[in-house]
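# Descriptive analysis of the structure
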Amino acid sequence: MKKRILSIVLILALLPTMLWAQKREVARFEFEVGGAIALGSAELRDLDLKWDTNEPGYSLHAEFRYNFAHIPFDVGVRVGSSFFNRDLWDVFQDAEFKSINAMGVVDYNFFRKSAVSLFVGVGLGYAALDTSHLGDLTHQAPEIKEFIKDHSKGTFCMQPRLGVELLHRIRLTASYLYQGSASNHFDVSVGIVFGGGKR
């Protein structure tokens, strides 16, 4: 028992040193703009009408971040939009899924070197959703109506992400945007950073 207590005390004592070791002199504020390939994730299976194909779309984003001085975290605000299609094979019709979202974001930065830095983080916020070109399909198949129950409504959204920052100017990020049923999608993005880098 004493060994366990001693181990916990030692870890707590070393934690500030570990965080300080992650310190990298960076500018306090930075701004990022970028775009991504959007890949729809949720699908209808084993129904009379199926979305068997998710066509790749795109998304755009802008993000403002504040970098803390002595701990490897940053916080910020992100706004973005996404567009992608799903094919309805049985009726040869597609549906376009669009969203606009605003989130607060936080990242933990690790393996911070002079030219490379890895990060993992999450965004939480609100999304406004819209779906077009559905016609009368929701009357034909109630399951589709349930699948797009968030059609033309606002909803909670969450976006976990993992990425790498190169030369303090380019961010490559893989993320998953959860915003309800048919509008969920993966993003693989490239962002350009302004104002970051060493102080």
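What comes next concerns the included structure. Throughout this document, residue positions are counted from 1 along each chain, in the order its sequence is written. Where local features are concerned, this predicted model is filtered to residues with pLDDT of at least 70; where side-chain atom pairs are given and counted, the filter is 80 or more; whole-chain, interface and lining totals use all residues. As a rule here, side-chain values cover all heavy atoms of the structure and leave hydrogens and water aside.

## Some points on the environment of Leu-162
- Where helices and strands are cited, they refer to DSSP runs of H or I of at least four residues and of E of at least two residues respectively, numbered from the N terminus. Looking at where Leu-162 falls in the secondary structure, it is placed in strand S6 (residues 154–166).
- Placed 44 residues apart in sequence, Leu-162 and Leu-118 show a C-alpha to C-alpha distance of 7.8 Å.
- By the convention used here, residues are in contact when the closest approach between their heavy atoms is within 4.5 Å. When neighbours within four sequence positions are excluded, Leu-162 is seen to be in contact with Phe-119, Val-120, Leu-172, Thr-173 and Ala-174.

## Focus on the nonpolar core
- Core analysis: the biggest nonpolar cluster contains six residues, these being Met-103, Val-105, Ala-127, Leu-129, Cys-157 and Leu-177.
- Apart from residues lying up to four places away in sequence, Ala-127 is in contact with Ile-100, Asn-101, Lys-153, Gly-154, Thr-155, Cys-157 and Gln-179. As used here, the term nonpolar core means buried Ala, Val, Leu, Ile, Met, Phe, Trp, Tyr and Cys residues forming a set that is joined through side-chain atoms within 4.5 Å. Here the term buried applies to any residue with accessible area under 20% of the maximum for its type, exposed to any over 50%, and partly exposed to those in between, with areas from a 1.4 Å probe on protein chains only.

## Regarding the environment of Val-120
- For Val-120, the position within the fold is in strand S5 (residues 116–132).
- Sequence spacing of Val-120 and Arg-161 is 41 residues, and the spatial spacing of their C-alpha atoms is 5.8 Å.
- With residues up to four places along the chain from it excluded, the contact list for Val-120 reads Val-106, Asp-107, Tyr-108, Phe-110, Arg-161 and Leu-162.

## What about the pairing of S6?
- When S6 meets strand S7 (residues 170–177), the two strands line up antiparallel, connected through six bridges. Within the sheet, the bridge partner assigned to Leu-162 lies in S7 and is Ala-174.
- In this structure, the hairpin formed by S6 and S7 is closed by a connection of three residues, where Leu-167 is found at a positive phi of approximately 55°. Think of it this way: DSSP has to see at least two bridges between two strands before they count as a pair.

## Looking at the packing of aromatic side chains
- Here is the rule: rings of Phe, Tyr and Trp (six-membered ring for Trp) pair when centre to centre is within 6.5 Å. Planes less than 30 degrees apart are stacked, more than 60 are edge-to-face, and the remainder are tilted. Summed over the entire model, instances satisfying the criterion amount to seven aromatic pairs.
- Ring geometry for Tyr-108 and Phe-110: centres 6.0 Å apart, planes at 15°, overall stacked.
- For Tyr-108, a relative accessible area of 28% corresponds to the partly exposed category.
- Owing to a relative accessible area of 25%, Phe-110 belongs among the partly exposed residues under this scheme.
- Here the aromatic cluster, defined as three or more aromatic residues joined through ring pairs, consists of Phe-29, Phe-64, Tyr-66 and Phe-68.
- The ring of Phe-111 has Lys-113 sitting right over it, with the charged end atom 5.3 Å from the ring centre.
- Sitting over a ring, as applied to charges here, requires NZ of Lys or CZ of Arg to be within 6 Å of the ring centre and within 35 degrees of the ring normal. Positioned over the ring face of Phe-119 is Arg-171, at 3.8 Å from the centre of the ring.

## Describing the pairing of strand S8 (residues 185–194)
- Here S8 shows a clear split, with His-185, Asp-187, Ser-189, Gly-191 and Val-193 buried on one side and none of Phe-186, Val-188, Val-190, Ile-192 and Phe-194 buried on the other.
- Here strand S1 (residues 29–40) pairs with S8 via ten bridges, running antiparallel. The residue bridging Gly-35 from the neighbouring strand is Val-190, located in S8.
- With eight bridges connecting them, S7 and S8 associate as antiparallel partners. Opposite Tyr-176, over in S8, you have Phe-186 as the bridge partner.

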